[in-house]
Amino acid sequence: MKFQTRALHIGQEPDPATRATVIPIHPTSTFTLEAPGVTKGYHYSRIGNPTRAALEEVLASLQGGAAALSFASGTAAMWAVVALLKPGEHVVASLDLYGGTHQLLTKVGAHHGITTAIVDMRDPSRLEAALTPATRLVWVETPGNPMLTILDIAALAGVIGRRSPKPYLCVDNTFATPYFQDPLALGADFAVHSTTKYIGGHSDVVGGAVVVKAKDAAYDALKFHQSAVGAVPSPFDCWLQVRGLKTLAVRMREHERNAGAVASFLAGHPAVSWVSYPGLTSHPQHDLAKRQMTGFGGMVTCDLKGGEKAAMSLVTRTRIFGCATSLGGVESLIAYVPVMTHFHMAEEERARQGITPGTVRLSVGIEDEDDLIADLEQALKS
Ligand SMILES: *Cc1c(COP(=O)(O)O)cnc(C)c1O
């Protein structure tokens, strides 16, 4: 079955008890056993719940993995992967990185004796140079947040594949979504998602997932972590994510169409100094994006010539674009990057990533394209 058919049918057979067409929400903490050890597959909801199982099944299918594990947030999912490492082991992470990932690695990871090198991986030889005998994990975000840098997953997997023992390659696929990018086919071991974003798709749920390429020892460790550490999503949150996945493909096509129009509009506006959108031919890795992804996504980042003052003015004057952190919902959002999404990084770390005092990030929603552009036009004018 193709993507859109799987999104509606995998893990979503009519409920055997009632023939309900839509999967039930099972808000139960425990399951009554016929006798100790005799179960129908479930005995306690931290360890397993049927609504979560449905979500994990459809997510694994859509992301082309052997299995998926759902977590209470994207951050909890990321920590499950980082926690595969032991004290003294080493991570190499890409430079254009979600602020929370930077914080998780350099603060929480460091607290547990895990060291991290942040490396600009646009040139894969820089990854090669950063690998040490202690490197166990290579963390790649593409498109990156907030600069929308594209990294060549297959080339990076090639570099890692020459090492023994081979470090894990984990790709944060939140921006691209399973619909536009298949990191596991390109050589990654894990694809992680903040399902809070496009997968939930309606800004009404916080969640995360790890999708694994193989059901190997690392999967067993991740699955053990999921129940032993216990950052699991509620059955209702799982149900919302299953519902979100049903329309992911339809929404992503609309997000992409509107984002392309917004990017072109901004690129032609005199108040804007640069626009980063992988779909623009001016994007430095446009050809790579075209090769690696089946669509360019819904995120657009730009810089205003007027710096902080102009950026603050823009994000407070839009009427349709809501001034908010987060992304990937049906409604358009706009964020002032230095203060709202990457505030916990030092100024020089932001500068190294390419973030300027005028950097604004837009999550382009599925409203009418003309209304979105008119909104930006009036806000930029003032
Ligand atoms: C939001 C986000 C995360 C963190 O996910 P939460 O659900 O907020 O914990 C990780 N990576 C990327 C790219 C994100 O946008």
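Residue indices begin from 1 for each chain and proceed along its sequence in written order. Two thresholds apply to this predicted model, a pLDDT of at least 70 for residue-level local features and 80 or more for giving and counting side-chain atom pairs, whereas whole-chain, interface and lining totals are computed over all residues. Hydrogens are left out, water is left out, and the side-chain values use all remaining heavy atoms of the structure.

**Comments concerning the packing of aromatic side chains**
Here the aromatic set is Phe, Tyr and Trp, taking the six-membered ring for Trp, and pairing holds for ring centres within 6.5 Å; pairs whose planes are under 30 degrees apart are stacked, those over 60 apart are edge-to-face, and all others are tilted. Following the criterion strictly, the structure yields six aromatic pairs and no others. An aromatic cluster is defined as three or more aromatic residues linked by ring pairs; in this entry it consists of Phe 3, Tyr 179 and Phe 180.

**Focus on the sheet that holds strand S10 (residues 322-323)**
When DSSP finds at least two bridges between two strands, those strands are taken to pair. Here a strand is any run of E in DSSP of at least two residues, a helix any run of H or I of at least four, and the numbering for each starts at the N terminus. Sheet architecture is open: five strands sit in the order S8-S9-S12-S11-S10, paired in mixed fashion. Every other strand in the sheet has two partners, leaving strand S8 (272-276) and S10 as the edge strands with one partner each. Helix-sheet contacts for helix H12 (residues 307-317) involve strand S9 (299-304), S10, strand S11 (333-336) and strand S12 (359-363), and the interaxial angle to S11 is about 155°. Only heavy atoms matter for contacts: two residues are in contact if any of them lie within 4.5 Å across the pair. Angles run from 0 to 180 degrees between N-to-C directions of axes, and those axes are lines fitted to C-alpha atoms, restricted for helices to the stretch in contact.

**A short note on the environment of Gly 207**
Within the element layout of this structure, Gly 207 appears in the loop between strand S6 (190-194) and strand S7 (208-212). Along the chain, Gly 207 and Ala 77 lie 130 residues apart, while their C-alpha atoms are 8.5 Å from each other. Apart from the residues within four sequence positions on either side, Gly 207 is in contact with Phe 71, Ala 72, Ser 73, Gly 74, His 193, Ser 194, Thr 195, Thr 196 and Gln 241.

**Structural notes on the pairing of S7**
Along a regular strand, successive side chains alternate from one face of the sheet to the other. Taking burial as the measure, the five residues of S7 include five buried ones, the bulk of the element. What you see with S7 is no split at all: Gly 208, Val 210 and Val 212 on one side and Ala 209 and Val 211 on the other are buried throughout. Bridge analysis of strand S1 (residues 67-71) against S7 gives five bridges, and the strand direction is antiparallel. The residue bridging Phe 71 from the neighbouring strand is Gly 208, located in S7. As paired elements, S6 and S7 share five bridges and run antiparallel to each other. Accessibility here uses a 1.4 Å probe with only protein chains present; expressed as a share of the type maximum, an area under 20% marks a residue as buried, one over 50% as exposed, and anything in between as partly exposed.

**Some remarks on the site of the ligand**
Here a residue counts as near a molecule or strand whenever at least one of its heavy atoms sits within 4 Å of it. Close to the ligand lie 15 residues; Thr 75, Asp 172, Ser 194, Thr 196 and Lys 197 are nearest. One of the side-chain nitrogen or oxygen atoms of Asp 172 is found 2.7 Å away from a nitrogen atom of the ligand. In protein, a polar contact means a hydrogen-donor-capable atom and an acceptor-capable atom, both N or O and within 3.5 Å, with residues adjacent in sequence counting only if both atoms are side-chain atoms; elsewhere, any N or O pair within 3.5 Å suffices. The side chain of Thr 196 places a nitrogen or oxygen atom 2.7 Å from an oxygen atom of the ligand. The fraction of the free accessible surface of the ligand (380 Å²) that becomes covered by protein chains is 92%. Among the elements that take part in the shell around the ligand, helix H3 (residues 74-82) stands out by supplying three residues, more than any other. Partitioned by chemical class, the residues of the shell around the ligand number four nonpolar, eight polar and three charged. For accessible areas, the Shrake-Rupley method is used with a probe of radius 1.4 Å. Any residue's cover is judged against the shown protein chains and nothing else. All amino acids are sorted into three groups, where Ala, Val, Leu, Ile, Met, Phe, Trp, Tyr, Cys and Pro are nonpolar, Asp, Glu, Lys and Arg are charged, and the leftover types, Gly among them, are polar.

**Looking at the domain arrangement of the protein chain**
For the domain bounds, the source is a domain assignment made automatically or taken from a database. In terms of domains, the protein chain is made up of domain 1 (3-246) and domain 2 (249-380). The centre of domain 1, based on its C-alpha atoms, is set 26 Å off from the matching centre of domain 2. With 44 residues of domain 1 in contact, the opposing surface of domain 2 contributes 44 residues. The term buried area means the drop in 1.4 Å probe accessible area that two parts suffer when joined, counted for both and summed. Summed over both partners, the interface of domain 1 with domain 2 comes to about 3,400 Å²; 58% of that surface belongs to carbon and sulfur atoms. Interface area lost by domain 1 to domain 2 is led by Met 147, Phe 180 and Tyr 198, which between them contribute 24%. A pairing counts as a salt bridge when a side-chain nitrogen of Lys or Arg comes within 4 Å of a carboxyl oxygen of Asp or Glu. On inspection of domain 1 and its partner domain 2, the count reaches one salt bridge. For Asp 152, the salt bridge identified is with Arg 291, shortest N-O distance 3.6 Å. On the surface where domain 1 and domain 2 come into contact, there are 21 residue pairs in polar contact (both at pLDDT 80 or more). Of all the secondary structure elements, the ones that give two or more residues to the side of domain 1 that touches domain 2 are helix H1 (3-9), helix H4 (99-111), strand S3 (115-119), helix H6 (153-161), helix H7 (177-180) and helix H9 (235-246).

**Some remarks on the sheet that holds S6**
The mixed open sheet is built from seven strands, whose spatial order is S1-S7-S6-S5-S4-S2-S3. For this open sheet the edge positions go to S1 and S3, each flanked by a neighbour on one side alone. Strand-to-strand twist across the sheet, computed as the mean angle between neighbouring axes with direction ignored, equals 20°. Each of S1 and S7 touches helix H2 (residues 50-62); the most contacted strand, S1, lies at about 130° to it. Where helix H8 (residues 217-229) meets the sheet, it contacts S1, strand S5 (168-172), S6 and S7, and its direction lies at approximately 25° from that of S1.

**A closer look at empty space enclosed by the protein**
Cavity: a set of points on a 1 Å grid over the protein atoms alone where a 1.4 Å probe fits but cannot get out. Pocket: an open set with protein on both sides within 12 Å along at least five of seven lines, its lining residues, like those of a cavity, having an atom within 4 Å of a point. Grid points are joined across faces, edges and corners, and a volume is the space filled by probe spheres set on the points. Going through the model one piece at a time under the given rule, you end up with two cavities of 30 Å³ or more. Computed from the structure, the largest cavity encloses a volume of approximately 40 Å³. Around the largest cavity sit Pro 143, Leu 148, Phe 175, Pro 278, Phe 296, Gly 297, Gly 298 and Met 299, which together line it. Taken together, domain 1 (3-246) and domain 2 (249-380) each give at least three residues to the lining of the largest cavity, which thus spans both.

**Things to note about the pattern of salt bridges**
Taken as a whole, this structure holds nine salt bridges when the rule is applied. One salt bridge in this structure joins Arg 52 and Glu 56, with 3.6 Å as the shortest N-O distance. With Arg 52 and Glu 56 both in helix H2 and four residues apart, this pair spans about one turn of that helix. In this structure Arg 52 comes out as buried when scored by relative accessible area, which is 3%. A salt bridge links Glu 89 to Arg 136; the nearest nitrogen and oxygen atoms lie 3.6 Å apart. With Glu 89 in the loop between H3 and strand S2 (90-94) and Arg 136 in strand S4 (residues 135-141), the pair connects residues that are 47 residues apart, well separated along the chain. Within this structure, Asp 120, Arg 122 and Arg 126 form a network of salt bridges that share partners.

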